[in-house]
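Structural description and commentary
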Amino acid sequence: MAEKSSSDELERRYGEEALAYLRDPSEQTLYHISLLSKRFMRAGLGPEDLLALHASVVDAELERIGAEEARARVGQLDAVALEAMIAYGAYHREIGNLVEELRRSQKELRDSTAMLVHRGKMGALGELSASIVHEINQPLNAIKLTCQDVQRTLRRAPHEDPELAESIDEVVQETRRMAEIVDGLRRFGRRDADSPRRHYDLRDSVQRVLRLVEQQLTVCGVSRESSLPEPLMVLGDRVQLEQVVMNLVSNARDAVQGLPQRTIRIDGRLTGDDQVELSVSDTGPGIAEELRSTLFEPFVTTKAAGSGTGLGLSLSRQIAEAHGGSLQLDPEAPKGARFVLRLPAREPGPA
Ligand code: ADP
């Protein structure tokens, strides 16, 4: 009811202003018409209502002045409708801009929330890890030492119990795996501390990793291709960056294992925006759609219990980010998976 009376009031005032303008055109009445038009829109009335109202005002005036005079004043009659429409357009543009701005800030909020959630998780994990790593390490060492004792004893009396020897070997293997997990956890708690950063060619890390896995790859019949034509100078922690390359290469090796086509490819280049880009691709099955959103989260693994910790990619991304870079899955890799590590290119400077 209140809305209706306010739109009646608007119509009355618009009519008055429009008539005033038709009889004595002035900038001021035109300005009032523009304001009133905007208020029409805020009151929820559409351009059709406004045009209908405008037509009725013009009709009334035409009747009063007659056809002869109307012909002389066509421009003036149109100006009112035009002004109203311009006001409409401006209003819509304003709304459009507002909506656009709203969308932008919504996206910013979403991005920063995601980032906070991510950081929160990592932070919580870091704290938790630091406290349990210590607790786990002690019994782990005790198990390791005991096993070594038993292994030594068994070696002295090899025929005593061959099954026992096998079991102990398994325990040792599992202990090693646990130590790896604990080590992974420990790194979460520690942000780019310890090891110093140096200027070096990232290709050295690739060569070292390839040398380390050479034997394994050959045994599994995995062929490797690489294109590393130019120096890839970075300022980084060699040990950590090698761990990233090693994780990517190991994942690629696991992905192609047992398939008819088994190739791992490593490409390195300098991008136009001073980034070193190193990609590791494979001819494996690629990353399943449902895994993509959580791929870089800790403890996400599809590997059989005992062969994957699910920490590789999350740690690798953390290391890349701590170096001011990034680690991404290439969503457009035509076949298999392609992971792209980007780091700021850093030549050793005079300082
Ligand atoms: P883990 O290797 O211990 O499972 P990661 O964090 O390194 O942990 O990898 C998480 C999961 O991502 C893997 O279990 C696997 O499912 C998937 N993944 C990683 N790299 C590849 C790859 N190159 N091809 C297919 N799947 C991959």
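As a starting point, this report considers the structure included with it. (Residues numbered from 1 in each chain as written. Predicted model: local features only at pLDDT ≥ 70, side-chain atom pairs only at ≥ 80, totals over all residues. Heavy atoms only, no water.)

A separate point is the overall build of the protein chain. Broken down by element type, the protein chain carries eight helices and seven strands. Here the protein chain holds 351 residues, and the buried ones make up 36% of them. Counting contacts in the protein chain only where the partners sit at least 6 residues apart, residues at least 24 apart contribute 72% of the total. Carbon and sulfur atoms form 54% of the exposed surface of the protein chain, whose accessible area is close to 21000 Å². (Helix = DSSP H or I, 4+ residues; strand = E, 2+ residues; numbered from the N terminus. Buried < 20%, exposed > 50% of the residue type's maximum accessible area, 1.4 Å probe, protein only. Contact = heavy atoms within 4.5 Å. Areas by Shrake-Rupley, 256 points an atom, 1.4 Å probe, with all protein chains shown as cover.)

Once that is clear, we can look at the nonpolar core. One recurring pattern in soluble globular proteins is that nonpolar side chains are buried together. L202, V249, I266, L278, L327, F339 and L341 are the most contacted members of the largest nonpolar core, which has 35 residues in total. Secondary-structure elements contributing two or more residues to this core are α6 (202-219), α7 (238-256), β4 (263-270), β5 (275-282), α8 (312-322), β6 (326-329) and β7 (338-344). Counting residues in each nonpolar core, the second largest holds 16 residues, with Y14, Y21, I33 and L45 among its members. (Core = buried A, V, L, I, M, F, W, Y, C linked by side-chain atoms within 4.5 Å.)

Locating P331 in the fold gives a position in the loop between β6 and β7. A C-alpha to C-alpha distance of 9.3 Å links P331 and I287, two positions 44 residues apart in sequence.

Inspection of the entire model under this criterion finds 15 salt bridges. Overlapping salt bridges bring together R269, E277, D330, R338 and R342 as one network. (Salt bridge = Lys/Arg side-chain N within 4 Å of Asp/Glu carboxyl O.)

Below, the discussion takes up the environment of K303. Among the structural elements, K303 can be located in the loop between β5 and α8. The spacing of K303 and A255 is 48 residues in sequence and 10.0 Å in space, taken between C-alpha atoms. In this structure, K303 is in contact with N251, D254 and G308, ignoring residues within four places of it in sequence. Looking at K303, its side chain comes within polar contact range of the side chain of N251, at 2.7 Å. (Polar contact = N/O pair within 3.5 Å; in protein donor to acceptor, adjacent residues only side chain to side chain.)

This brings us to the side chain of T175. Along the chain, T175 falls in helix α5 (residues 162-189). Beyond its immediate sequence surroundings of up to four residues, T175 is in contact with L140, I143 and K144.

With 19 residues, α7 extends 27 Å from end C-alpha to end C-alpha; this agrees with the ideal 27 Å at 1.5 Å per step. A side-chain oxygen of the first residue of α7 lies 3.1 Å from the backbone nitrogen of V239; this N-cap is D237. Just downstream of α7 lies G258, where phi reads positive at about 80°. (Expected span 1.5 Å × (residues − 1).)

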